[in-house]
Amino acid sequence: MSAQPTIQQSLAIALRERLAVIADREWYARDPEGHLDRLRTVSEQITILQRQLPPPVDPQLTHFLERCSYDKALAFLEEAR
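No experiment lies behind these values; they were computed from the predicted model shown. (Residues numbered from 1 in each chain as written. Predicted model: local features only at pLDDT ≥ 70, side-chain atom pairs only at ≥ 80, totals over all residues. Heavy atoms only, no water.)

Caption draft 1: Structural context of helix α3 (residues 32-52). With 21 residues, α3 extends 30 Å between its outermost C-alpha atoms, agreeing within 8% with the 30 Å of an ideal straight helix rising 1.5 Å per residue. Of the positions making up α3, those classed as buried are G34, H35, L39, V42, S43, I46 and L49. Buried residues along α3 sit in contact with α1 (7-23), α2 (25-30) and α5 (70-80). (Helix = DSSP H or I, 4+ residues; strand = E, 2+ residues; numbered from the N terminus. Expected span 1.5 Å × (residues − 1). Buried < 20%, exposed > 50% of the residue type's maximum accessible area, 1.4 Å probe, protein only. Contact = heavy atoms within 4.5 Å.)

What follows is the structure, encoded as structure tokens:
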């Protein structure tokens, strides 16, 4: 049985997915409404996971997430591993 991912790991997964959705220009061209819906869903997931981060949350990570600097937040989480 595999261990359940931590909130930080789940957040990193969601951040990667958001970047992948944004980069998928073919999906956007083919189905802009579906693309936007998925982008909204993963963005909401990021917000939910952000609220679930166990304290203390590093102020730099908080800064990145509050400012929607998701590339920087992902890099921060990946460096913290």
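Caption draft 2: Structural detail: the packing of aromatic side chains. This model, assessed by the stated rule, comprises zero aromatic pairs. For the cation-ring pair, R25 lies above Y28, with the distance from its terminal atom to the ring centre recorded as 4.6 Å. (Phe/Tyr/Trp six-rings, centres within 6.5 Å; stacked < 30°, edge-to-face > 60°. Lys NZ or Arg CZ within 6 Å of the ring centre and 35° of its normal.)

Caption draft 3: Expanded view of the environment of I46. For I46, the location among the structural elements is in helix α3. A relative accessible area of 0% places I46 in the buried class. Separated by 33 residues in the primary sequence, I46 and I13 have C-alpha atoms spaced 9.4 Å apart. The contact partners of I46, leaving out residues within four places of it in the chain, are L11, A14, L15, R18 and Y70.

Caption draft 4: Seen up close, α5. Inspection of α5 places Y70, A73, L74, F76 and L77 among the buried residues, and these make up the whole buried set. Considered in projection along α5, the buried side chains sweep an arc of 160 degrees and stay on one side of the axis. Facing away from the buried side of α5 by more than 90 degrees, the exposed set consists of D71, K72 and E79. Looking at the buried residues of α5, the elements they touch are α1, α3 and α4 (59-66). (Arc of directions from axis to C-beta.)

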